[in-house]
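Architecture at a glance
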Amino acid sequence: MLTRLFARLSMALWLSTVLSGPAAAHVGEHHSQNCFAEVGGIRLRLSGYQFQPGLENEHFCRIFPELGQIIIAVEPLEEGQEDKLITLELLELSSWTDGLLNNGTAFTVIKQQPAKSFGDGLISIQQTIGQRGIYGLDMTIQDETGQLLHQRFLFLVGIPVKKILAAFAGLVLLGLVGWKITKKD
């Protein structure tokens, strides 16, 4: 069980670095949990939210710790982008094998927002996620010439990293105590 979880987390890390392109996590003012992505030269801030008990006031980036409703808001960092249209698609990794071999068929669209301009207000997508896994946000922006610019941002849902790290720290501590007790003999 633990080996399979470790393998999936390793795969998720590998996929996020290989497939996401130039998106930086945990970079920003006051070390916020916002993520930044660049779509065709347009820098965007991505802010993730979950409204489960205890998570209402937290922002998330690459890892959403609980299953349930997630919201990802997207906003441009530079002024003058109000007339740009952006389309958001929420994706789920549907095939681990294709994730390794064929990125084009590895994900399935689970929700699509119609094109909306940044000048129309907050651009966001929300979905209730019931299964742990790797998810993606496809962002497509249409520039002045009509060309479509595309970027994929990968993230995990339902992986309680803080709880996993706390359990791991506890196991290491128990191991050290056990080692110290047996070493006294």
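Below or above, wherever it landed, is the structure these notes cover. (Residues numbered from 1 in each chain as written. Predicted model: local features only at pLDDT ≥ 70, side-chain atom pairs only at ≥ 80, totals over all residues. Heavy atoms only, no water.)

1. What to know about the state of the cysteines
Here a disulfide denotes one covalent bond, and it connects the sulfur atoms of two cysteines. Short version of the rule: Pairs of cysteine sulfur atoms within 2.5 Å are identified as disulfides in what follows. Under the DSSP-based scheme used, a helix requires at least four consecutive residues in state H or I and a strand at least two consecutive residues in state E, with every element numbered from the N terminus.
Tallied over the full model, the rule gives one disulfide. Two residues, Cys35 and Cys61, share a disulfide whose sulfurs are 1.4 Å apart. Taking the torsion about the sulfur-sulfur bond, which here is approximately 110°, the covalent link between Cys35 and Cys61 counts as right-handed. You can see Cys35 sitting in strand β2 (residues 35-39) and its partner Cys61 sitting in the loop between β3 (42-50) and β4 (63-64), a full 26 residues away along the chain.

2. Description of the side chain of Glu89
For the record, the criterion: Relative accessibility under 20% of the residue-type maximum defines a buried residue, over 50% an exposed one, and the middle range a partly exposed one, all with a 1.4 Å probe and only protein chains included. Positive charges come from Lys and Arg, negative ones from Asp and Glu, while His and the chain ends are left out of the count. We count a salt bridge whenever a side-chain nitrogen from Lys or Arg sits within 4 Å of a carboxyl oxygen from Asp or Glu. Polar contacts here mean pairs of N or O atoms no more than 3.5 Å apart (in protein, one a potential hydrogen donor and the other a potential acceptor; neighbouring residues in sequence count only if both atoms are side-chain atoms). A contact between two residues is defined here by any heavy atoms of the two lying within 4.5 Å.
Mapped onto the elements of the fold, Glu89 is located in strand β6 (residues 85-93). Arg152 is the oppositely charged side chain nearest to the buried, salt-bridge-free Glu89, at an N-O distance of 6.3 Å. A distance of 3.2 Å separates a polar atom in the side chain of Glu89 from a polar atom in the side chain of Gln112. With near-sequence residues (within four places) excluded, Glu89 lies in contact with Val109, Lys111, Gln112, Ile125, Gly136, Leu137 and Asp138.

3. Quick look at the sheet that holds strand β7 (residues 107-117)
The condition is simple: Two strands qualify as a pair provided DSSP detects at least 2 bridges between them.
Strand order across the open sheet formed by five strands is β4-β10-β9-β6-β7, with mixed pairing between neighbours. Every other strand in the sheet has two partners, leaving β4 and β7 as the edge strands with one partner each. Alignment of β6 against strand β9 (residues 133-142), held across eight bridges, turns out to be antiparallel. Its bridge partner being in β9, Leu91 is matched across the sheet by Gly136.

4. Topic: the environment of Gln126
Tracing the chain through its elements places Gln126 in strand β8 (residues 123-129). What makes Gln126 partly exposed here is its relative accessible area of 37%. Sequence separation of Gln126 and Ile70 is 56 residues, and the distance between their C-alpha atoms is 5.5 Å. Residues contacting Gln126, with those up to four places away along its chain left out, are Gln69, Ile70, Ile71 and Lys111.

5. A closer look at the environment of Tyr135
Positionally, Tyr135 belongs in strand β9. Separated by 73 residues in sequence, Tyr135 and Arg62 place their C-alpha atoms 9.7 Å apart. Within the structure, the side chain of Tyr135 is placed 3.4 Å from the side chain of Glu92, a separation counted as a polar contact. A polar atom in the side chain of Tyr135 sits 2.7 Å from the backbone oxygen of Gln131.

Everything listed here is a matter of coordinates, which is why it stays silent on function.
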